[in-house]
Amino acid sequence: MTGTNGDGTGSRRDPGRRRALLEAADRVIQREGPEASMASIAAEAGISKPILYRHFGDKSGLYQALAERHTRRLVEGIQAEFSRPGSMRARTRSTIDTYLATISANPHLYRFLMHRASAEDAATHSAMSTMIRGVSRELAEVLVAEGGPGADRTRAYVWGHAVVGMVQTAGDWWLDHADEVPREAVVDSLADLILGGLPAARLSTTAEGRVLEMFQE
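In short, a report on the structure. This is a predicted model, so every value here is computed, not measured. (Residues numbered from 1 in each chain as written. Predicted model: local features only at pLDDT ≥ 70, side-chain atom pairs only at ≥ 80, totals over all residues. Heavy atoms only, no water.)

### Concerning the pattern of salt bridges
Worth spelling out the cut-off: Put simply, a salt bridge is a Lys or Arg side-chain nitrogen that is within 4 Å of an Asp or Glu carboxyl oxygen. Secondary structure elements follow DSSP: runs of H or I of four or more residues count as helices, runs of E of two or more count as strands, with numbering from the N terminus. For every residue, the accessible area obtained with a 1.4 Å probe (protein chains only) is divided by the maximum for its type, and the residue is called buried under 20%, exposed over 50%, and partly exposed between those limits.
For the structure shown, the criterion picks out 12 salt bridges. Of the charged contacts in the structure, one is a salt bridge between Arg27 and Glu44, with a shortest N-O distance of 2.9 Å. Remark: Glu44 occurs in helix H2 (residues 38-45) and Arg27 occurs in helix H1 (residues 15-32); sequence separation between them is 17 residues. Exposure remark for Arg27: the relative accessible area of 38% places this residue in the partly exposed category. For Lys59, the salt bridge goes to Glu120, with nearest N and O atoms at 3.8 Å. Of the two residues, Lys59 is situated in helix H4 (residues 59-83) and Glu120 in helix H6 (residues 107-120); the sequence distance between them amounts to 61 residues. Classification of Glu120 as partly exposed rests on a relative accessible area of 44%. Residues joined by salt bridges that share partners form a network here, namely Arg27, Arg31 and Glu44.

Listed below in structure tokens is the structure:
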């Protein structure tokens, strides 16, 4: 039988209770921002801070549970845009737009996970880095599947990580200027840069290959 025994340890295996605690953490972070305290989260959940930690093992466990809960949704959304049919421009725009829409829907939570929790906890930092690398790999595989110079696996992975890093950094900047800069303008600017840069890189690669062929003749 799984139940609470007063100190919270029995509820650690209760998915419903765990979900309720994570939802309480979400509410506090949305209300107080990335500096939300663990004491405030515990109070929102109606328990003490030590009991809150026991539900997740420790504070690190709470951070990681929040990261997993929200990055899974983000990655699933991005993967859906990667795999949809359509032109490269349409897929690029929809993927960037999905990312920006997700982080702007709850900027406090994004900053909590990407900056505060990642800075305080090495395991959370690792989890967030793993998520970013996973998205980069997804993009790299798309480039490989598209063929051409992008089909070179090493080059595709370099490009994939570069593009994801660029979009993430631009997204960080945009969250601070969202009242002044429309999301569509950021999407279009990033899409123009990516879709202008990749073809240029492909042409450069093709030109290098032709020069090598000339010297080999």
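The structure having been displayed, the exposition proceeds.
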